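# Structural characterization, general
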Amino acid sequence: MKKLYAISLILLLCSSTFLKAQQAVLKPVDEKITPGMTEVWDPEVKIIQPGEKPGDAPTDAIVLFNGNDVSAEWTDNDGKPSKWVVENGALLSVKGAGVIKSKRKFTNFQLHIEWKTPSEVSGESQGRGNSGVFLQEQYEIQVLDSYNNRTYRNGQAGSLYKQYAPLVNVSRKPGEWQSYDIIYTAPTFNSDTVTYYTPPKVTVLHNGVLVQNNVSLRGPTVYIGVPEYFVKKHGPGSVVLQDHGNPVAYRNIWIREL
Ligand code: MG
């Protein structure tokens, strides 16, 4: 009994000492701290030049497509010249040509891309203006004509396909240019190589409006099945644009590695 009493007394003393120490740390203003002591001056933040207008590439961006040559930065899925065509300064998907992928591979990045679904509306649901932007060849941000075109909510424009619906539908009319600004953080993997240590994270602005707010992906994009079952360790990957059989156009594609 005596022993128990002694232990309780020690614990009480310890906790009161801890509380006092904590209060000292949390003291809002210490007279000895000056404003200058919390200012960080060096190294100076890197200076870059912004684009002329919103959506234009800043000076530190890698331009992946600027309206001219497609072969400089892109290939088909097998590394051969792509059959996608350049028309009026836009990169146009060609039915049956398959995906187009960037030659360069990326890890963490900010990506700007503009896209347009056909002004002549045909098809419905997933069959209207379907394409997609795949991050690291794994994770699809859906491109779709979602203007007056109902489909499943986690498969419409701005969705992380079959994982997250967009927060709002901010689609422009078919035939009008739209933009995605994407911020992507690549996953890290556990030693088992089939589970994430930290999952991939994605933020998307559609036409300047936030539609995905730093969401954590469950696994690679799959049409059928549970994403978790398809996780497999991967490194840097290409940006891939999907050929879903609809003539979707792209322009002004640039990326900044983070
Ligand atoms: Mg798609």
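Here is a short report on the structure shown in this document. (Residues numbered from 1 in each chain as written. Predicted model: local features only at pLDDT ≥ 70, side-chain atom pairs only at ≥ 80, totals over all residues. Heavy atoms only, no water.)

### Some words on unusual backbone geometry
Backbone torsion omega between Asp42 and Pro43 reads -5 degrees, so that peptide bond is classified as cis. Tracing the backbone shows Pro43 in the loop between helix 1 (2-26) and strand 1 (62-65). Of note in the backbone geometry, Lys162 takes a positive phi value of approximately 60 degrees without being a glycine. Relative to the elements of secondary structure, Lys162 occurs in the loop between strand 8 (139-143) and strand 9 (178-185). Look at Thr193: it is not a glycine, yet its phi comes out positive at around 65 degrees. (Helix = DSSP H or I, 4+ residues; strand = E, 2+ residues; numbered from the N terminus.)

### A closer look at the layout of surface pockets
If you add up the space inside the largest pocket, you get close to 170 Å³. Around the largest pocket, the lining comprises 13 residues; the ones closest to its centre are Glu87, Leu92, Lys116, Pro247 and Ala249. Among the elements that line the lining of the largest pocket, the one with the most residues is strand 4 (residues 90-92), at three residues. Split into classes, the residues belonging to the lining of the largest pocket amount to seven nonpolar, four polar and two charged. (1 Å grid on protein atoms, 1.4 Å probe; cavity = no way out; pocket = protein on both sides within 12 Å on 5 of 7 lines; lining within 4 Å. Points joined across faces, edges and corners; volume = space filled by probe spheres on them. Nonpolar A, V, L, I, M, F, W, Y, C, P; charged D, E, K, R; others polar.)

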